[in-house]
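Survey of secondary and tertiary structure
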Amino acid sequence: MGANDLTESSITTARTRSASPYGAVLSSESTVDRFSLHLVAQPYWHFPHALWFWAMGLGAGTFMVRHVFSVRDAGTVLGLPLLDVLGLVLVGIGGLILILDLGRPERVLKALRRPDRSWIARGAIADFVFLIVGAVYVLPGWVPSLPWTDAPFLEAELLAQVMIAIAFLAAALIIAYPGMVLYESLSIRLWHSALVPAQFIAHALSSSIGLTLLVLVAGDRLGDYRSPLAIGFLVTLVATLGITHMYLIDRSHEHGPAARAGVERLVRGKMAMHFWVSVVLGFAIPMVLTLVALASPDSAGPLLAIGGVLCVVGSLQFRYAQLCSGIKVSPLG
Amino acid sequence: MTRKSSTTTRPRRWGMVIDLNRCIGCQGCAVSCKIKNNLPEGLWWNRVLTVGGDEIDVVGGDVEHPSISFLPLACQHCAEPACLPVCPTGATYKREDGIVGIHSEDCIGCRSCIQACPYGVRVFNLREPERATSHALGSIAVTSGVRGTVEKCDFCVDRIDAGALPICIESCPARARFVGDLNDPDSEVSRLIQETGAVQLQPEMGTDPSVYYIPVQHRSPRQTGMDFIANEPAAYQQREITEMLAPR
């Protein structure tokens, strides 16, 4: 969607400030008054970027969840541990989307140059480290003669533990860095909040526990993982909703119209349906389902699986709504 | 360039002051920039926006109180550029004299800088460049129109380094633009900023732009050359229509 497509009432120009819900704010800003600045939607980052952020977080988070909860028997795919492979594939997909979105994809390695100042560079390095170390770690599934196994961290050999630790750190960076990338976008005030990286971490963890639950239930392997994973799911869902709530309050109180226009667009404007569906179906209902599952262990499997699916989908939808609500004050109408 | 000015120990910081009272919206700076930098079709490093009406060169306000002024807009060459820290390759750089540039051969086209820039002055070459002429125009020192990369005003760094004025300043018929050292309190730009209360665009972003604007002080029709329209709107319009329809 381009800037010219903005038609909803929340997006107004400074020229029409008398009709704007943000009139008082705009009038108080001398530069807006003098130069007739406009509120425009950012035109570049939409669904592909949402997919990139979501896939990266989900993949890296799934790897982390497997090792934090010591999930050893979630099944295999082509002889490799399913959850680790899912993690690697999802991060790989995210990386591929990122590369394909570049204006010059053949120059992608140049993106590793400035980790001292750019979060995209740090994230790109983390992606490569995660993919390489993670791929080596799961190799014993194909090459049994290698001197380590693909067991989870606590049960693994020292060499494997080193690899898991490196991949784990890279995964932690991967789930955080998209939030930092958004935070760095100084002009898009909806994203310029310290709560955005926290939100990305919470989203990644909740959706990756959801995916892990789904995989375990589908493979009829939930067993002893039910309680710890359900509790972890509940905690991360509560954290996700709590951080989202604080984030909206934070952005609603920022000085200047762009952040508030973004919140308006997200909560009541063009992206409201995506936002509310993702919050209610993606996080609130899974929370209720998890509570019910904890209270009634007999029906826990299907409930947790449904909650997992909803959370995974809802997380993607939230990313999309948040990106499309990015609004900046610009001299260009 | 790191010349020390005579009255200050700080290194030179190139800056520009644009007097919006003088700008007549002729687009001369935009066109000369486009030619000098051999910009492909659809890309402008320098634009002159109309403040007033909804379209370019269209008067705003109402019939009794028409209003129009212009806002020349290009890279603000910020002291704290928002585009700089987000560039993953180091393609965006800032010289010691304050000029912010792009090494196009290092740009991967991630567009993070476009997202970060509060001024909307960076442009992206989405496709292979098309130019109106079959041959290159302008300075051979400038690289522009590389598909898949971001570009923007470079403060005519080739001209500045050769001791010449940026082309937008040289081509401005209204003499609305001034260039100089912001760190030198005796420079023309520093004096103008001090005397006229020139302001930066969106200072709340904390980017400390090096381009200052002298705001339009009085938007009266007389100053904008439209007093006749304001005083006799109906008569003016009628006369204009009559003239248009008159046989030649």
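Conventions used here
- Residues numbered from 1 in each chain as written.
- Chains lettered and ligands numbered in written order.
- Predicted model: local features only at pLDDT ≥ 70, side-chain atom pairs only at ≥ 80, totals over all residues.
- Heavy atoms only, no water.
- Contact = heavy atoms within 4.5 Å.
- Buried area = accessible area lost by both parts, 1.4 Å probe.
- Salt bridge = Lys/Arg side-chain N within 4 Å of Asp/Glu carboxyl O.
- Polar contact = N/O pair within 3.5 Å; in protein donor to acceptor, adjacent residues only side chain to side chain.
- Helix = DSSP H or I, 4+ residues; strand = E, 2+ residues; numbered from the N terminus.
- Nonpolar A, V, L, I, M, F, W, Y, C, P; charged D, E, K, R; others polar.
- Domains from an automatic or database assignment.
- Buried < 20%, exposed > 50% of the residue type's maximum accessible area, 1.4 Å probe, protein only.
- Pairing = 2+ DSSP bridges.
- Phe/Tyr/Trp six-rings, centres within 6.5 Å; stacked < 30°, edge-to-face > 60°.
- Disulfide = S-S within 2.5 Å.
- Arc of directions from axis to C-beta.
- Axes fitted to C-alpha atoms, helices over the stretch in contact; angles between N-to-C directions.
- pLDDT = per-residue confidence, 0-100.

Across the contact, 36 residues belong to chain A and 50 residues belong to chain B. Both faces combined, the contact of chain A with chain B buries some 3600 Å², and carbon together with sulfur accounts for 55% of it. At the junction of chain A with chain B, the criterion picks out three salt bridges. Put simply, Asp106(B) and Arg113(A) hold a salt bridge, and the shortest N to O gap is 3.1 Å. On the surface where chain A and chain B come into contact, there are 23 residue pairs in polar contact (both at pLDDT 80 or more). In terms of residues, the side of chain A that touches chain B owes the most to one element, helix H2 (residues 30-35) of chain A, which gives four residues. Of the residues contributing to the side of chain A that touches chain B, the split by class is 14 nonpolar, eight polar and 14 charged.

Attention shifts here to the domain arrangement of chain A. Residue and element names in this part refer to chain A. Parsing chain A into structural domains produces domain 1 (1-41 + 190-333) and domain 2 (48-184). At the junction of the two partners, domain 1 supplies 28 residues and domain 2 supplies 28 residues. Each partner contributes to the roughly 2400 Å² buried at the junction of domain 1 and domain 2, and carbon and sulfur atoms together form 80% of this total. At the junction of domain 1 with domain 2, the criterion picks out zero salt bridges. Applying the counting rule to domain 1 against domain 2 returns five residue pairs in polar contact (both at pLDDT 80 or more).

Another point: the pairing of strand E11 (residues 211-214) of chain B. Within a regular beta strand, the side chains point alternately toward one face of the sheet and then the other, so they alternate between its two faces. All names here are of chain B. Where burial is concerned, the two faces of E11 agree: the one with Val 211 and Tyr 213 and the one with Tyr 212 and Ile 214 are both buried. One ladder, built from four bridges, connects strand E1 (residues 14-19) with E11; its direction is parallel. From the neighbouring strand, Met 16 faces E11, where its bridge partner is Val 211.

Turning to the packing of aromatic side chains, a few remarks are in order. Residue and element names in this part refer to chain A. Taken as a whole and assessed by the stated rule, the structure comprises 12 aromatic pairs over all chains. With a centroid separation of 5.8 Å and an interplanar angle of 70°, the aromatic rings of Phe 47 and Tyr 320 are classed as edge-to-face. Of this pair, Phe 47 sits in helix H3 (residues 47-68) while Tyr 320 sits in helix H11 (residues 300-324), placing them 273 residues apart in sequence. By relative accessible area, which is 40% here, Phe 47 ends up partly exposed. By relative accessible area, Tyr 320 is classed as partly exposed at 23%. Note on Phe 63 and Phe 130: the rings are 5.2 Å apart at their centroids and 85° apart in plane angle, and the pair reads as edge-to-face. Separated by 67 residues along the polypeptide, Phe 63 in helix H3 and Phe 130 in helix H5 (residues 119-138) bring together distant segments of the chain. For Phe 63, a relative accessible area of 1% translates into the label buried. Classification of Phe 130 by relative accessible area gives buried; the value is 0%. Here the aromatic residues Trp 45, Trp 52, Phe 53, Tyr 177, Trp 191 and Phe 200 are joined through ring pairs into a cluster of three or more.

Residues and elements named next belong to chain B. If you walk through the whole model with that rule in mind, you get zero disulfides over all chains. Free cysteine Cys 33: the closest other cysteine sulfur is in Cys 153, separated by 6.4 Å. The closest cysteine sulfur to the non-disulfide-bonded Cys 156 is located on Cys 168, 6.1 Å from its own sulfur.

Glancing now at helix H6 (residues 188-196) of chain B. Residue and element names in this part refer to chain B. Where H6 is concerned, the buried positions are Val 189, Ser 190, Leu 192 and Ile 193. All buried residues of H6 project into a common sector of 165° when viewed along the axis, lining one side. Exposed and facing more than 90 degrees away from the buried side of H6 are Gln 194 and Glu 195. Residues of H6 that are buried in the fold lie against E1, strand E10 (177-181) and E11. Immediately beyond the C-terminal end of H6, within one or two residues, lies Gly 197, with a positive phi of roughly 70°.

Bringing the pairing of E10(B) into the picture now. Residues and elements named next belong to chain B. Across the five residues that make up E10, a large majority, five, are buried. Bridging between E1 and E10 involves five bridges; their strand directions are antiparallel. In the sheet register, Met 16 faces E10, and the bridge partner there is Val 179.

Residue and element names in this part refer to chain B. If you walk across this open sheet you meet the three strands as E10-E1-E11, and the pairing is mixed. Since the sheet does not close on itself, it has two edges, and those belong to E10 and E11, each with one partner. Averaged over all adjacent pairs, the angle separating strand axes in this sheet is 20°, with direction ignored. With respect to the sheet, H6 is in contact with E1, E10 and E11, its orientation differing from that of E10 by roughly 115°.

Right, let's get into the environment of Ile231(A). Within the fold, Ile231(A) resides in helix H8 (residues 226-252). Through-space distance from the C-alpha of Ile231(A) to that of Asp220(A) is 19 Å; in sequence the pair is 11 residues apart.

What follows covers the confidence of the model for chain B. Residue and element names in this part refer to chain B. Residues at a pLDDT of 70 or more form 84% of chain B, whose mean pLDDT is 83. For chain B, helix H7 (residues 227-231) is the element with the lowest average pLDDT, namely 40, and strand E6 (residues 92-94) is the one with the highest, namely 97. Predicted confidence is poor over residues 1-6, with pLDDT under 50, and the contacts of this stretch with residues over four places away or in other chains come to 14 contacts. Note on residues 219-242: pLDDT is under 50 here. Beyond four places in sequence and across chains, it has 24 contacts. In the model output, the complex is listed with pTM 0.83 alongside ipTM 0.82.

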